[in-house]
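# Structural features, examined
Each chain is listed here by its residues.
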Amino acid sequence: LTWALLPFLVLLFMVRHLRSSVLTEEEKRRVLFLGSGAIYLFIGATLYIFSSTVLLFAFVLAGALLGSHRKETEHTGKSYASTVLGVGIAVVVVLCAFVFTTAALGNSVRNQALIAMQKGDLDNARVQALRAEALGSLGLNDAQHADAKRLLSQIGYLQLSQFANSATPSAETLQRFASTSESAIADVKAATLLNPLDYRSYVLQGDIYALLASLKVANAQDAAKLSYETAAKLNPTNPSIPLAQAR
């Protein structure tokens with residue numbers, strides 16, 4: 001909803017100024033150019049092909065549009081409506097810029113976590129994933145927040161696999177296994193709540209419960225079965241889900 005407000009407010013701002021009798025024809029053409037450009041770039045970047053560069057240009061054009069009402073606001077009788085619209089656009093631009101920035105930083109940190117995880121450095125991967133999760137919680141993108149939660153759970157799953165393969169686990173290892181399993185399950189359940197239509201979280205949840213079931217944890221087998229069934233309903237054509245169910 002927040003993202004949709006920007007082109008709507010820009011459109012209102014354009015209509016208001018194009019109908020103004022104070023601005024010259026040249027200034028009205030500038031308003032039309034800036035407003036149309038901002039709306040076009042914003043819609044293109046959000047509905048067709050997402051591009052951070054295109055979104056940045058849309059924000060720049062919307063910001064430049066705010067300066068076009070300076071001449072009209074010199075006339076107090078005609079300043080109120082344009083000022084309200086200008087403030088509205090400024091607020092939405094700042095909010096969108098904040099969401100966009102946190103999303104970009106979150107993706108960057110998440111990629112660092114993925115690289116560390118691929119290298120087997122799970123402790124560093126978890127640190128980076130926690131940073132990505134914190135950034136995801138600041139924004140308004142539940143899907144990105146869910147991705148960060150799922151990544152945390154995936155790292156926890158890999159750590160659980162390492163603990164499970166320990167020939168003679170120590171008391172400390174058993175304690176870490178218990179705490180890691182609790183946090184991994186909590187993270188993946190949070191991911192399913194944030195983005196309930198993403199089958200990947202349910203597959204991962206099933207994998208975690210299947211691992212616990214192999215260690216004779218009570219009720220884990222039933223929980224794994226239910227998770228895989230939910231994933232299959234969300235993505236019935238994915239061949240990896242039946243394979244996971246057959247294990």
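None of these values were measured; they are calculated from a predicted model.

## Considerations on the overall build of the protein chain
What the protein chain contains, in helices and strands, is 11 helices and 0 strands. Element order for the protein chain, N to C, with α for helix and β for strand: α-α-α-α-α-α-α-α-α-α-α. Across the 247 residues that make up the protein chain, the buried fraction comes to 43%. For the protein chain, the accessible area works out to roughly 13800 Å², and carbon and sulfur atoms hold 61% of it.

## Some words on helix H6 (residues 122-138)
Across its 17 residues, H6 extends 24 Å between first and last C-alpha, which sits within 8% of the 24 Å expected from 1.5 Å per residue. All buried positions along H6 are accounted for by Leu122, Ala125, Gln128, Ala129, Ala132, Glu133, Leu135 and Gly136. Taken down its axis, H6 places every buried residue within 165 degrees of arc, on the same side.

## Overview of the side chain of Ser181
Of note, Ser181 is situated in helix H8 (residues 171-194). When near neighbours in sequence (up to four residues on either side) are disregarded, Ser181 contacts Leu160 and Leu212.

## Section: the pattern of salt bridges
Counting across every chain of the model gives 6 salt bridges. For Lys149, the salt bridge goes to Glu133, with nearest N and O atoms at 3.5 Å. On the criterion of sequence distance, the pair formed by Lys149 in helix H7 (residues 142-164) and Glu133 in helix H6 is long-range, its members being 16 residues apart. One exposure class covers both Lys149 and Glu133, and it is buried. Residues Asp147 and Arg150 are paired through a salt bridge, measuring 2.9 Å at the closest nitrogen-oxygen approach. Here the residue Asp147 and the residue Arg150 both occupy positions in helix H7, the gap between them amounting to 3 residues, near one helical turn. Of the two residues, Asp147 and Arg150, neither departs from the other in class, the shared state being buried. The structure contains a network of salt bridges with shared partners spanning Asp147, Arg150, Asp198 and Arg200.

## Concerning the packing of aromatic side chains
Given two aromatic rings, one states the distance between the centres and the angle between the planes to describe the pair. A full pass over the atoms with the stated rule returns 1 aromatic pair. Their ring planes at 65 degrees and their centres at 6.5 Å tell us that Phe163 and Phe177 sit as a pair that is edge-to-face. Of this pair, Phe163 sits in helix H7 while Phe177 sits in helix H8; the two residues are 14 residues apart in sequence, bridging distant segments of the chain. The exposure classification of Phe163 matches that of Phe177, with both residues buried.

## So, empty space enclosed by the protein
In total, this model carries 1 cavity of 30 Å³ or more according to the counting rule given. When its volume is computed, the largest cavity comes out at roughly 30 Å³. Among the elements of the structure, helix H5 (80-118), H6 and H7 are those that each provide at least two residues to the lining of the largest cavity. Taken together, the residues that form the lining of the largest cavity break down as 2 nonpolar, 3 polar and 1 charged.

Calculation notes
- Residues numbered from 1 in each chain as written.
- Predicted model: local features only at pLDDT ≥ 70, side-chain atom pairs only at ≥ 80, totals over all residues.
- Heavy atoms only, no water.
- Helix = DSSP H or I, 4+ residues; strand = E, 2+ residues; numbered from the N terminus.
- Buried < 20%, exposed > 50% of the residue type's maximum accessible area, 1.4 Å probe, protein only.
- Areas by Shrake-Rupley, 256 points an atom, 1.4 Å probe, with all protein chains shown as cover.
- Expected span 1.5 Å × (residues − 1).
- Arc of directions from axis to C-beta.
- Contact = heavy atoms within 4.5 Å.
- Salt bridge = Lys/Arg side-chain N within 4 Å of Asp/Glu carboxyl O.
- Phe/Tyr/Trp six-rings, centres within 6.5 Å; stacked < 30°, edge-to-face > 60°.
- 1 Å grid on protein atoms, 1.4 Å probe; cavity = no way out; pocket = protein on both sides within 12 Å on 5 of 7 lines; lining within 4 Å.
- Points joined across faces, edges and corners; volume = space filled by probe spheres on them.
- Nonpolar A, V, L, I, M, F, W, Y, C, P; charged D, E, K, R; others polar.

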